[in-house]
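Structural overview
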Amino acid sequence: MGVRLEGPELKRVDESDLISEAVSPGTIQIPPSGKPILLLGDCQTIGGYPKMAHVITVDLAVAAQLRAGDRVRFSEVSLADAYRLLLERERQLELFRVGLSLHTS
C-alpha cells in the first residue's frame with residue numbers, strides 16, 4: 001500500500017480529526033506518529049490523515065522499489081514539468097516496445 005518514511009517527526013499544528021477525502025498513488029500523508037507515508041499503486045482510495053505533498057506519476061515506479069534504509073530527496077515540480085516528464089517516459093516506453101517488436105519479428 002505504501003512506504004513509511006523515517007526522519008525527523010513532523011508535528012501537526014492542528015490535532016483535530018479530518019474528514020476523509022480522496023487519495024491516490026503518490027499522496028504523502030502524515031499520520032499521528034509524524035512519520036510520513038507515501039502511498040503506492042495499491043493504496044486505499046480515501047484517507048483522513050493530512051496530506052503534505054504528492055509524488056509525480058513518473059517517479060512512482062522508483063518509489064515502489066525503495067528498500068529499508070534507502071534515502072530519498074524530494075523537490076518541487078510544476079504541474080507542467082510533471083506532465084512533460086510523463087510524456088517523455090511514455091515516448092521512451094513506446095520506443096522500447098518498437099525495438100522489442102523489431103527484435104522479435
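All figures in this text were calculated on a predicted structure; none of them were measured in a lab.

About the cut-offs
Residues numbered from 1 in each chain as written. Predicted model: local features only at pLDDT ≥ 70, side-chain atom pairs only at ≥ 80, totals over all residues. Heavy atoms only, no water. Salt bridge = Lys/Arg side-chain N within 4 Å of Asp/Glu carboxyl O. Helix = DSSP H or I, 4+ residues; strand = E, 2+ residues; numbered from the N terminus. Buried < 20%, exposed > 50% of the residue type's maximum accessible area, 1.4 Å probe, protein only. Core = buried A, V, L, I, M, F, W, Y, C linked by side-chain atoms within 4.5 Å. Contact = heavy atoms within 4.5 Å.

**Observations regarding the pattern of salt bridges**
Enumeration according to the criterion identifies 6 salt bridges in this entry. Between E9 and K11 there is a salt bridge whose closest N-O contact spans 3.8 Å. Measuring nitrogen to oxygen at the nearest pair gives 2.4 Å for the salt bridge that ties K51 to E21. Taken together, the residues K51 in strand β6 (residues 51-54) and E21 in strand β2 (residues 21-22) connect sequence positions 30 residues apart. The exposure class assigned to E21 is partly exposed, which follows from its relative accessible area of 44%.

**Brief notes about the nonpolar core**
Of all hydrophobic cores here, the largest spans 8 residues; its members are V3, L5, I28, L38, L40, V55, L60 and A63. Aside from chain neighbours lying at most four places away, what touches V55 is G26, I28, L38, L60 and F74.

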